[in-house]
Every structure is written in C-alpha cells, then in structure tokens.
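# Structural overview
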Amino acid sequence: QVQLVESGGGLVQAGGSLRLSCAASGRTFSSNAMGWFRQAPGKEREFVAKISWSGGSTNYVDSVKGRFTISRDNAKNTVYLQMNSLKPEDTAVYYCAASPNRYASSSRYDYDSWGQGTQVTVSS
C-alpha cells in the first residue's frame, strides 16, 4: 500500500480557489493511478477526479468539470487538485486515493490506499 498525506484545505469564500496536495510514500508512486474523492456530511463518498500513472489521462465528475484540475508530479511523489470558482456545494472532506494499477475507474473500490482527508469549506 501507499501512505498518503493531504494538505491545502481550508475556508474560502464562494468564487475563490484552493489547491490540495497529496504526498505519497511507500509503493512506487509513478506506477499508480491516483484519485480525489470527497464526502459531505450525511452523504456518500463521491468521486471527484482521477489521473493515470503518467498523467496522460484525467477524468472528472460533471459537477467540477471546467473548475477543477488534477495533476501529478512523479518526481515529487505528489498529486494535486486545483479548485477554482468554488461553490458552497463543494464543501466536504476531500480524500486522496491511490490505485494499485496504472489506470483506475471512478469507483472507490479501485483504490486501495487512502489519506486521512482535508476539510474544504466554501462560504456563500
């Protein structure tokens, strides 16, 4: 498995931006697809974005397309989620996840390692 540590969450006004980071250690990071998920109070954990092992393929949930960008730096063992034009409905705990495969789906069951989560709160 991979050890994952998220950072960069916080409180921001609607329309603002945040960049989440996820530092990985353990298994060879550059061989793993990575994903971001989020969970709001009382709701199921949902897929937000994913990126393939090389960064050549990305995918987003419809609600964040055009606003969020996932990227990775394999030299730094880090994956990022740039979040722009934030909305109150983006408020959630955001989790970084690692897949044991080079490509992964949007299903949480494709990922075997999870970070502790970072809180993102967007005020209206």
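Use the structure listed above.
Quick summary incoming for the structure in this document. Please read these numbers as outputs of a predicted model, since none were measured by experiment. (Residues numbered from 1 in each chain as written. Predicted model: local features only at pLDDT ≥ 70, side-chain atom pairs only at ≥ 80, totals over all residues. Heavy atoms only, no water.)

### So, the side chain of Arg67
Formally: Each helix is a run of H or I in the DSSP string that is no shorter than four residues. Each strand is a run of E no shorter than two, and both are numbered from the N terminus. Buried residues are those whose accessible area, probed at 1.4 Å on protein chains only, stays under 20% of the maximum for their type, while exposed residues exceed 50% and partly exposed ones sit between those limits. Counted as a polar contact is a pair of N or O atoms within 3.5 Å, where, for protein atoms, one must be capable of donating a hydrogen and the other of accepting one, and residues adjacent in sequence contribute only when both atoms are in side chains.
Within the fold, Arg67 resides in the loop between strand E6 (58-60) and strand E7 (68-73). What makes Arg67 buried here is its relative accessible area of 10%. Looking at Arg67, its side chain comes within polar contact range of the main-chain oxygen of Ser63, at 2.9 Å.

### Things to note about the pattern of salt bridges
Note the cut-off: The salt bridge definition used is simple: a Lys or Arg side-chain nitrogen within 4 Å of an Asp or Glu carboxyl oxygen.
Using the criterion set out here, one finds 4 salt bridges in the structure. Linking Arg38 and Glu46 is a salt bridge whose minimum nitrogen-to-oxygen distance equals 2.6 Å. Asp90 is the salt-bridge partner of Arg67, the closest N and O atoms lying 2.8 Å from each other. In this pair, Arg67 sits in the loop between E6 and E7 while Asp90 sits in the loop between strand E8 (78-83) and strand E9 (92-98), placing the two residues 23 residues apart along the sequence. Accessibility assignment for this pair places Arg67 and Asp90 in one class, buried. Because the salt bridges share partners, they merge into one network encompassing Arg38, Glu46, Arg67 and Asp90.

### A closer look at the sheet that holds strand E1 (residues 2-7)
We count it as follows: For two strands to pair, DSSP has to find at least two bridges joining them. Structural elements are reduced to axes, namely lines fitted to C-alpha atoms, with helices fitted over the stretch in contact, and the angle between N-to-C directions of any two is expressed from 0 to 180 degrees.
Strands sit in the order E1-E3-E8-E7 across an open sheet of 4 strands; the sheet is antiparallel. Sheet topology places E1 and E7 at the edges, where each strand pairs with a single neighbour. Between one strand and the next, the sheet's axes are offset by a mean angle of 20 degrees, whatever the strand orientation.

### With respect to the nonpolar core
Keep this limit in mind: The definition of a nonpolar core used throughout is a set of buried Ala, Val, Leu, Ile, Met, Phe, Trp, Tyr and Cys residues joined through side-chain atoms within 4.5 Å. Every residue pair with non-hydrogen atoms within 4.5 Å of one another is taken to be in contact.
Formed by 28 residues in total, the largest nonpolar core has its most connected members in Met34, Trp36, Val79, Leu81, Met83 and Tyr94. Listing elements by their share of this core, those giving two or more residues are E1, strand E3 (18-26), strand E4 (34-39), strand E5 (46-51), E7, E8, E9 and strand E11 (118-123). If we skip the residues at most four places from it in the chain, Leu81 touches Leu18, Arg19, Leu20, Trp36, Val48, Ala49, Phe68, Thr69, Ile70 and Tyr94. The next biggest cluster of nonpolar side chains, apart from the first, holds 6 residues, and it includes Phe37, Phe47, Ala104 and Tyr111.

### Here's the deal with the side chain of Arg45
Relative to the elements of secondary structure, Arg45 occurs in the loop between E4 and E5. Not counting the four nearest positions on each side in its chain, Arg45 is found in contact with Phe37, Arg38, Gln39, Tyr95, Arg108 and Trp114.

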